[in-house]
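Observations on the three-dimensional arrangement
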Amino acid sequence: MNRDEIGELAAAYALGGLEGEERARFEALLQARDPEAVRALRECEETLAGLAAALPEPPPAVVKDALMERVAAAPAAARPRPRRRPRVFWPVVLSGAMAAGLAAVVVGWSVSSTYEKRLDALAREADQLRAELNAQQTVIAILRDPATQVVALAGLPPAPGARARVMWHATAGGVFVATGLPAIPAGKAYQLWAIAGSNAPVSAGVFTVDASGTGSLAVRPLPGVASVNAFAVTLEPAGGLPAPSGAMYLLGKS
Amino acid sequence: MSPAAPGSESSASLVAAIAAGDRDAFGRFYDLTAPIAFGLIRRVLRDPEAAADVLQEVFWQIWQEAGRYDPSRGSPEAWVVMRAKTRAIDRLRSMRRRDRTFVAPVDESVASRRGDGEAPNPAVVAEDRGLVQTALGQLPEAQRRVIELAFFEGLTQSEIATRLGEPLGTVKTRTRLGLERLRGALRGERLSAT
């Protein structure tokens, strides 16, 4: 393989866009500590890091708070010991594969594709669990942040028994939970509104309720809204509207 | 990356301290590198909530795996940026997969909101003019495009070829030349800054 070819593999690999056989080939070069491949990849990675360094963006404070809490809670003994990467002796692996002949290669291909599928499924599952865990950690971090607003909403005449609560953080978003709401007529949905100062209400999302009248909603940060004076719930056409039009079911001021 | 200024801690020594379980070093390393990682993650994911999640995952992994950082393979900044890129692109791909295969049975509005993650957010598009002001702006349009599609949109080389209607070989060459040129441009910036 010439220098340009290695350069192409390294560039695509660093960008995360190298697939299949080419990816395997480049990873084998790295594993074997091929000096040209290692050098080319290092250069590409430093270049991309330099590009990223020119585009910094301050992360929301809740992320660091949540991390420092996780780190403080992690028992020192649970820290993995520094680990050397296992050395795979490639010449042995390769000569073994060659000796085993074409049949073994064919079997190997089908086995590896089966495993690839399983790995893919496991990776997806891990991704989902990680996302769930993160969602919960975000909720905990939101609850612990002094900047978080907690607003209780009380039922209005259409649903005097309804109650709801919003935990809301300007940059992290929040959570809304309601109980005791009447069942939703066909073609309608409840819509949550955030009211900041004298501005028009901003939609914070649409939600439905189950048979017991309970519903919830993950509230995303609202563009341009730093602090909310009131939250309200109205009944609107399914899918919601840009501005409230229907009867108000819940209202709470912060 | 530029070497640490005299008297300041080097990022490499911070990583070594993190590997030894130093929580304060972790906090300082976060302050130093998280904005870089977050800038990239935000450009890939756009959705601020998902971006904050991914940032947290990346740094949690850094806390756990600091002992595996190998200075001979690159700077700590590059190590962080590569992790941030991989995680952000994984998340983007899984969101795309879910958008393609998962249709919420009841609450369609939530499903369509989820799609927001990929809709061009005017604020982000405007802000991304910042990209042109970086070294990326010094690249010929064609080279710049392949790098943006891969780095910020998570497209593979063959996906880029399909998207642009160009042969795969052209995309590969452009990617390599683009990165080489970008490297030269970044180096030029650093020289002119000193």
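Residues numbered from 1 in each chain as written. Chains lettered and ligands numbered in written order. Predicted model: local features only at pLDDT ≥ 70, side-chain atom pairs only at ≥ 80, totals over all residues. Heavy atoms only, no water.

**A few points about the nonpolar core**
In this structure, A:F26, B:L45, B:L55 and B:F59 are the most contacted members of the largest nonpolar core, which totals 80 residues. A domain split of this core shows at least three residues from each of domain 1 (11-99) and domain 2 (106-186) of chain B. (Core = buried A, V, L, I, M, F, W, Y, C linked by side-chain atoms within 4.5 Å. Buried < 20%, exposed > 50% of the residue type's maximum accessible area, 1.4 Å probe, protein only. Domains from an automatic or database assignment.)

**A look at the pairing of strand 8 (residues 248-253) of chain A**
Residue and element names in this part refer to chain A. Summarising the sheet, strand 1 (residues 149-155) and strand 8 pair through 2 bridges and their orientation is antiparallel. Following the sheet pairing, G155 is matched in strand 8 by L250. Bridging between strand 7 (residues 230-237) and strand 8 involves 5 bridges; their strand directions are antiparallel. Following the sheet pairing, A232 is matched in strand 8 by L251. (Pairing = 2+ DSSP bridges. Helix = DSSP H or I, 4+ residues; strand = E, 2+ residues; numbered from the N terminus.)

**Details of the interface of chain A and chain B**
Many authors give the size of an interface as the accessible area that is lost as the parts come together. If you look at the interface, chain A gives 64 residues, while chain B gives 76 residues. Roughly 6,300 Å² of surface becomes buried between chain A and chain B when both sides are summed, with 58% attributable to carbon and sulfur atoms. B:R42 is the salt-bridge partner of A:E57, the closest N and O atoms lying 3.1 Å from each other. For the interface between chain A and chain B, the tally reads 18 residue pairs in polar contact (both at pLDDT 80 or more). The leading source of residues in the side of chain A that touches chain B is helix 3 (residues 35-53) of chain A, at 12 residues. (Contact = heavy atoms within 4.5 Å. Buried area = accessible area lost by both parts, 1.4 Å probe. Salt bridge = Lys/Arg side-chain N within 4 Å of Asp/Glu carboxyl O. Polar contact = N/O pair within 3.5 Å; in protein donor to acceptor, adjacent residues only side chain to side chain.)

**Concerning the layout of surface pockets**
Taken as a whole, the largest pocket encloses approximately 1,900 Å³ of empty space. Lining the largest pocket are 44 residues; nearest its centre among them are A:Y13, A:R23, A:E27, B:M82 and B:T86. Contributing elements (two or more residues each) for the lining of the largest pocket: helix 1 (3-15), helix 2 (20-31), helix 3 and helix 5 (90-144) of chain A together with helix 3 (48-65) and helix 4 (76-101) of chain B. With 12 residues, the single largest contributor to the lining of the largest pocket is helix 4 of chain B. (1 Å grid on protein atoms, 1.4 Å probe; cavity = no way out; pocket = protein on both sides within 12 Å on 5 of 7 lines; lining within 4 Å. Points joined across faces, edges and corners; volume = space filled by probe spheres on them.)

**A word on the sheet that holds strand 1 of chain A**
Residue and element names in this part refer to chain A. Spatial ordering of the open sheet is given by 5-4-7-8-1-2-3-6, a layout of 8 strands whose pairing is antiparallel. Lying at the two open borders of the sheet, with one neighbouring strand each, are strand 5 (202-207) and strand 6 (215-219). Put simply, the sheet's adjacent strands are angled 20° from each other on average, direction ignored. In terms of strand pairing, strand 2 (residues 163-169) meets strand 3 (residues 173-179) through 7 bridges, oriented antiparallel. Its bridge partner being in strand 3, V166 is matched across the sheet by F176. (Axes fitted to C-alpha atoms, helices over the stretch in contact; angles between N-to-C directions.)

**A few points about the environment of B:A50**
All names here are of chain B. Mapping A50 onto the fold places it in helix 3. With 45 residues separating them along the chain, A50 and M95 place their C-alpha atoms 9.9 Å apart. Apart from residues lying up to four places away in sequence, A50 is in contact with L45 and R91.

**Some remarks on the packing of aromatic side chains**
Evaluation of the coordinates by the stated rule reveals 9 aromatic pairs over all chains. Both rings, one in A:Y13 and one in A:F26, keep their centres 5.2 Å apart while their planes meet at 50°; by these two values the pair is tilted. Of this pair, A:Y13 sits in helix 1 while A:F26 sits in helix 2, and the two are 13 residues apart along the sequence. On the numbers, 5.5 Å between centres and 65° between planes, the contact of B:F26 with B:W63 is edge-to-face. In this pair, B:F26 is assigned in helix 2 (residues 23-45) and B:W63 in helix 3, connecting sequence segments 37 residues apart. B:W63 shares its class with B:F26; the two are buried. Chaining the aromatic ring pairs together yields one cluster made of A:F176, A:Y190, A:F207 and A:Y249. (Phe/Tyr/Trp six-rings, centres within 6.5 Å; stacked < 30°, edge-to-face > 60°.)

**Section: the confidence of the model for chain B**
Residue and element names in this part refer to chain B. Taken residue by residue, chain B gives an average pLDDT of 80. The fraction at 70 or more is 75%. Averaged pLDDT values over the elements of chain B bottom out at 37 in helix 5 (residues 108-115) and peak at 94 in helix 2. The low-confidence segment residues 1-7 (pLDDT under 50) makes 9 contacts with residues lying over four places distant or belonging to another chain. In this model, residues 102-127 is a region of pLDDT below 50 whose contacts with residues beyond four sequence positions or in other chains number 29 contacts. For this predicted complex, the interface confidence score (ipTM) comes to 0.82, while the overall pTM stands at 0.56. (pLDDT = per-residue confidence, 0-100.)

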